[in-house]
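An overview of the molecular structure
Residue strings, one per chain:
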Amino acid sequence: MLGLLLMQAMYDDFSGLLENGASGLEVVKYFAVKIPGYLAIILPAVMLASLLYALGQLHRNNETVAMRAAGVGVFKITRSIWGASVLMCGLVWAINATIVPWSVEESQSILEYIDYRHQAKTTAVEQVGLSRVVTFDNQREGRMWLINRYNGFQKRAYGVTVSELDNQHREKNRIRAREALFGVKGRGWTFYDGRETWFDPATGELMRTSTFSEKTMPHFTEDPELMQVFDQKPGDLSFFKLRKIIDYFIVEENPKLTIYAVRYYGLLADTLAPLIVLLIAIPFAMTGVRVNPAVGVSKSIGLFLLYFVLLKLAETLGTRGVMEPEMAALVPSLVMVVLGGFFYLRMR
């Protein structure tokens, strides 16, 4: 699985790294940093293989049959495994909250640095790091932004227009500036070489206007990274960034947020994966003595693949708005819990 995931990452990024002049050491470092980000995906599969092997050995040697014939229940036989599974759930949660975000953010930083260095060698200094037009409608605080160009490396915006709106979404005043910086001395946005214009919201009539060489707006707290978040794929964002996006935006205000919410709640639902693996491994690995162990192993692997199919199906339905993001994340896990619980209770 790790090899397949690395091959997919190489297919996506390897040619781009070479085109941007990355050295062999940087390429190795980039893919080495990405490996920890796959742990949360690989661990449930590793656990499934381990359980099938361990329980299969017990079944092959008729040890589980002997214990059950002596009156020992299935839960008592596997209680240590259940305890380990609960601990594994905590481990998956910890990995999703710490190691995976570090892996995603660090690998993204490496890509950005290599891209910046390549641009610095091949592009004029003032053009390095420039992105396309950035638009942002901050409905919560009543501001609309238009940035002609934004330099992500220098954190500098060019050709900025900000309109402040009243409760009825009518323009009260407008700031236009040649340049703007976020977080100068920790105080909101600072605008340079611009003009501020005030309007009568009721009539739209121009009230007054004034020019400025520098103007700081401490209450303008829009984060440039959040303003550009919809230019990034959900899979390229860490758990913490997704949480920040969910906290800042409201799904009803911006339908584009749905795919990010599906990704966020999906990471939370991944915590249940070890329990699901246990529920689909025990019933088939501890089958009757007249059933070939390979049959139970095949069924367990088949259910595990079904789990991933359900994940992808629910993700698709969630991103298209057919299901709520929370339901899209939980339904596959709940279906597998019910299905695994059914097979578990059927064991004699």
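For the structure itself, consult the block above.
Quick caveat: nothing in here was measured; it's all calculated off a predicted structure.

1. Remarks on the overall build of the chain
When you go through the chain residue by residue, the secondary structure sums to eleven helices and seven strands. Computed over the C-alpha atoms, the radius of gyration of the chain is 27 Å, more than 25% above the 20 Å expected from 2.2 N^0.38 for a compact globule of 348 residues. Principal-axis analysis of the C-alpha atoms places the extent of the chain at approximately 90 × 50 × 30 Å. Within the chain, buried positions represent 41% of all 348 residues. Of the roughly 18,900 Å² that the chain leaves accessible, carbon and sulfur atoms contribute 61%. Considering the chain, the positive charge centre built from 36 side chains and the negative charge centre built from 33 side chains are found 8 Å apart.

2. What to know about the packing of aromatic side chains
For the coordinates displayed, the defined rule picks out ten aromatic pairs. Centroid distance Trp 145 to Trp 189: 5.0 Å. Interplanar angle 50°. Geometry classified as tilted. With Trp 145 in strand 3 (residues 143-151) and Trp 189 in strand 6 (residues 189-199), this residue pair connects regions lying 44 residues apart in the sequence. Across the pair, Trp 189 and Trp 145 agree in class, each one buried. An aromatic cluster of at least three residues, connected via ring pairs, comprises Trp 145, Phe 182, Trp 189, Phe 191 and Phe 220. Over the aromatic face of Tyr 158 sits the side chain of Arg 149, whose NZ or CZ is 5.0 Å from the ring centroid. Between the NZ or CZ atom of Arg 208 and the centre of the ring of Trp 198, over which it lies, the distance is 3.8 Å.

3. Regarding the nonpolar core
Counting 31 residues, the largest nonpolar core has Trp 145, Ile 147, Val 160, Trp 189, Phe 191, Phe 220 and Phe 249 as its most contacted members. In terms of residue count, the dominant contributor to this core is helix 7 (residues 239-248) (five residues). The next biggest cluster of nonpolar side chains, apart from the first, holds 27 residues, and it includes Val 74, Ile 77, Ala 273 and Ile 282.

4. Things to note about the environment of Leu 334
Mapped onto the elements of the fold, Leu 334 is located in helix 11 (residues 325-346). Placed 62 residues apart in sequence, Leu 334 and Leu 272 show a C-alpha to C-alpha distance of 9.3 Å.

5. Some details on unusual backbone geometry
A positive phi angle is found at His 169, which is not glycine, with a value near 65°. Phi is positive for Asp 193, which is not a glycine, with a value near 55°. Summarising the element assignment, Asp 193 is placed in strand 6.

6. Regarding the pairing of strand 3
Pairing geometry for strand 2 (residues 134-138) and strand 3, over five bridges, is antiparallel. Each residue of the ladder has a partner; that of Phe 136, found in strand 3, is Trp 145. Between strand 2 and strand 3, which pair antiparallel one after the other, the connecting turn spans four residues, and Gly 142 there sits at a positive phi close to 70°. Pairing analysis gives eight bridges linking strand 3 to strand 4 (residues 156-165), with the strands arranged antiparallel. In the strand pairing of strand 4, Ile 147 is matched with Val 160. Connecting strand 3 to the next strand, strand 4, in antiparallel fashion are four residues, including Lys 155 with a positive phi near 55°.

7. Details of helix 2 (residues 24-34)
Of the positions making up helix 2, those classed as buried are Glu 26, Val 27, Tyr 30, Phe 31, Val 33 and Lys 34. Buried residues of helix 2, seen end-on, are gathered within an arc of 155° and therefore sit on one face of the element. In helix 2, the exposed residues that point more than 90 degrees away from the buried face are Gly 24, Leu 25 and Val 28.

8. Thoughts on the pairing of strand 5 (residues 171-182)
On a regular strand, one side chain projects to one face of the sheet and the next to the other, so that they alternate. In this structure, strand 4 lies alongside strand 5, joined through nine bridges in antiparallel fashion. Looking across to strand 5, one finds that Arg 156 is bridged to Leu 181. Bridging between strand 5 and strand 6 involves nine bridges; their strand directions are antiparallel. The partner of Arg 174 across the bridge, within strand 6, is Thr 197.

9. Things to note about the pattern of salt bridges
Under the defined criterion, the tally for this structure stands at nine salt bridges. Taking the shortest distance from any N to any O, the salt bridge between Glu 141 and Arg 143 comes out at 2.2 Å. We classify Glu 141 as partly exposed; its relative accessible area is 34%. With its nearest N and O atoms 2.6 Å apart, the salt bridge here joins Glu 179 to Arg 178. According to the relative accessible area criterion, Arg 178 is partly exposed, its value standing at 45%. Through salt bridges with shared partners, a single ionic network connects Arg 156, Arg 178, Glu 179 and Asp 193.

About the thresholds
Residues numbered from 1 in each chain as written. Predicted model: local features only at pLDDT ≥ 70, side-chain atom pairs only at ≥ 80, totals over all residues. Heavy atoms only, no water. Helix = DSSP H or I, 4+ residues; strand = E, 2+ residues; numbered from the N terminus. Rg over C-alpha atoms; globule rule 2.2 N^0.38 Å. Buried < 20%, exposed > 50% of the residue type's maximum accessible area, 1.4 Å probe, protein only. Areas by Shrake-Rupley, 256 points an atom, 1.4 Å probe, with all protein chains shown as cover. Lys, Arg positive; Asp, Glu negative; His and termini not counted. Charge placed at Lys NZ, Arg CZ, Asp CG, Glu CD. Phe/Tyr/Trp six-rings, centres within 6.5 Å; stacked < 30°, edge-to-face > 60°. Lys NZ or Arg CZ within 6 Å of the ring centre and 35° of its normal. Core = buried A, V, L, I, M, F, W, Y, C linked by side-chain atoms within 4.5 Å. Pairing = 2+ DSSP bridges. Arc of directions from axis to C-beta. Salt bridge = Lys/Arg side-chain N within 4 Å of Asp/Glu carboxyl O.

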